[in-house]
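As a plain string of letters, each chain reads:
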Amino acid sequence: MSAGRDETSAGELDSRDRDHRALMRRVRGFAALGWVVFAAYCLISRGLWAFLGLTCSALVAMINFLWLEDLIEKVLQPAPRVSAWKLGSWSVARFALFGVALAVAIFVIRFDALSVLLGFSIIVVGIMAEAVYSTWKSFVSNG
C-alpha cells in the first residue's frame, strides 16, 4: 500500500516539475519578447548606445535570474554530485559574462540611463506578462 503512495507522490512531483519548467519557460519567453519590444524602441528612437545599454543590462538581469533559478532548483531538488571542475568552469564563465555585461551597462548609463533601466526591468516584464497570462487562462478555463 505504501508503494502506491510513493508512486502517487512521484507522479505529483513530476507534474509539479513539469508545471514549474513550463512556467519558467514562459517567463523567459515573455522577458525575451519584452526585450525585443524595448530594443526596437531604443534602436529606432534613441540610437545604438541605447540599444547596447538595454541589451547589456537585460543580459545582467537574465544572468542573475537564471543563477537564482538554478540555485533554487539545486537546493530544493538534490541531484547527483556535480564535479568540482564543471561547477568551477561554469561559475567562472558566468562571472566573466556578468562582469563584461555589467561594465558595459555602467559605461553606457552615462549616455542613456533610460535604456539601462529598461533592460533591468526585463524580468519584471516577463513575470507580469506571466501573471496576466495565468489570470486570463484561469478565466477562460473556468468560464
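See the structure shown above.
Just so you know, these numbers come straight off a predicted model, no measurement behind them.

The next point concerns the side chain of serine 57. Turning to its location among the elements, serine 57 is positioned in helix H2 (residues 48-76). You can call serine 57 buried: its relative accessible area is 0%. Contacts of serine 57, omitting those with residues within four sequence positions, involve Ala105, Ser115, Val116, Gly119 and Phe120.

Scanning the entire structure with this criterion turns up three aromatic pairs. For the ring pair tyrosine 133 and tryptophan 136, a centre distance of 6.4 Å and an interplane angle of 40° mean the geometry is tilted. A residue pair is termed a helical-turn pair when its members lie 3 or 4 positions apart in one helix, as tyrosine 133 and tryptophan 136 do in helix H5 (residues 122-142) at three residues. Taking relative accessible area as the criterion, tryptophan 136 reaches 54% and is therefore assigned exposed. Members of the aromatic cluster, connected to one another through ring pairs, are Phe30, Tyr133 and Trp136.

Cut-offs used in this document
- Here, residues in each chain are numbered from 1, in the same order as that chain's written sequence.
- Only residues with pLDDT of at least 70 get local features here, since the model is predicted, and only at 80 or more are side-chain atom pairs given and counted; chain-wide, interface and lining totals rely on the full set of residues.
- The basis for every side-chain value is the complete set of non-hydrogen atoms in the structure, without hydrogens or water.
- Secondary structure elements follow DSSP: runs of H or I no shorter than four residues count as helices, runs of E no shorter than two count as strands, and numbering proceeds from the N terminus.
- Residue exposure (1.4 Å probe, protein chains only): buried if accessible area is under 20% of the type maximum, exposed if over 50%, otherwise partly exposed.
- For this analysis, residues touch if any pair of their heavy atoms sits within 4.5 Å.
- Each pair of aromatic rings taken from Phe, Tyr and Trp, with Trp reduced to its six-membered ring, is defined by centres within 6.5 Å and is described as stacked if the planes are under 30 degrees apart, edge-to-face if over 60, and tilted in the remaining cases.

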